[in-house]
Amino acid sequence: MSEKVKPMENNEAWDYAIGLVQVEGITPSEDFLALVEKEKQGELTNDDIRKVLLKKYQVVEDAAS
């Protein structure tokens, strides 16, 4: 008989994802972890985090190219 796996809660999913990244030897930035904490507390949505990260890391092409 197969056992059903229950979906992770939001906090568990974030902790799991961050743990996987750390296993690869990558340390998430304090800014990113602060965003995650705000999302866990309901102050931000996943879409809000995505927008902040896109704005922060978006490469702006040189107009002269």
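As the structure is a computational prediction, the values presented were derived from the model and not from experiment. (Residues numbered from 1 in each chain as written. Predicted model: local features only at pLDDT ≥ 70, side-chain atom pairs only at ≥ 80, totals over all residues. Heavy atoms only, no water.)

1. What to know about the overall build of the protein chain
Definition in use: Numbering of helices and strands runs from the N terminus; a helix is a DSSP stretch of H or I covering at least four residues, while a strand is a stretch of E covering at least two. Three exposure classes are used, based on accessible area relative to the maximum for each residue type with a 1.4 Å probe and protein chains only: buried under 20%, partly exposed in between, and exposed over 50%. The protein chains shown are the only cover counted for residues, whose accessible areas, like all others here, come from Shrake-Rupley with a 1.4 Å probe.
If you tally the helices and strands in the protein chain, you get three helices and zero strands. Counted from the first residue to the last, the protein chain has its helices and strands arranged as α-α-α. The 65 residues of the protein chain split such that 11% are buried. Carbon and sulfur atoms provide 55% of the accessible area of the protein chain, an area that totals close to 5,900 Å².

2. Describing a nonpolar patch on the surface
Applied cut-off: Patch definition: residues with relative accessible area over 30% and no salt bridge; like charges joined within 9 Å; nonpolar side chains (Val, Leu, Ile, Met, Phe, Trp, Tyr) joined within 5 Å. Take a side-chain nitrogen of Lys or Arg and a carboxyl oxygen of Asp or Glu: if they are within 4 Å of each other, that pair is a salt bridge.
The grouping of M8, Y16 and L20 at the surface amounts to a nonpolar patch, some 320 Å² of accessible area in total. Relative to the helices and strands, M8 is located in the segment before α1 (10-23). We classify M8 as partly exposed; its relative accessible area is 46%.

3. A word on the nonpolar core
Short version of the rule: Definition of nonpolar core: a set of buried residues of the types Ala, Val, Leu, Ile, Met, Phe, Trp, Tyr and Cys, connected through side-chain atoms within 4.5 Å. For this analysis, residues touch if any pair of their heavy atoms sits within 4.5 Å.
Counting five residues, the largest nonpolar core consists of W14, I18, L35, V36 and I49. Among the secondary structure elements, those contributing two or more residues to this core are α1 and α2 (30-40). Once residues within four sequence positions are removed from consideration, V36 is found in contact with W14, I18 and I49.

4. Some words on α2
Put simply, the rule reads: Arc definition: directions from the helix axis to the C-beta atoms.
All of the buried residues in α2 are L35, V36 and E39. Take α2 and look down its axis: the buried residues cluster within an arc of 100 degrees, on one side only. Taken together, the buried residues of α2 touch α1 and α3 (46-57). Phi turns positive one or two residues past the end of α2, at G42, with a value near 85 degrees.

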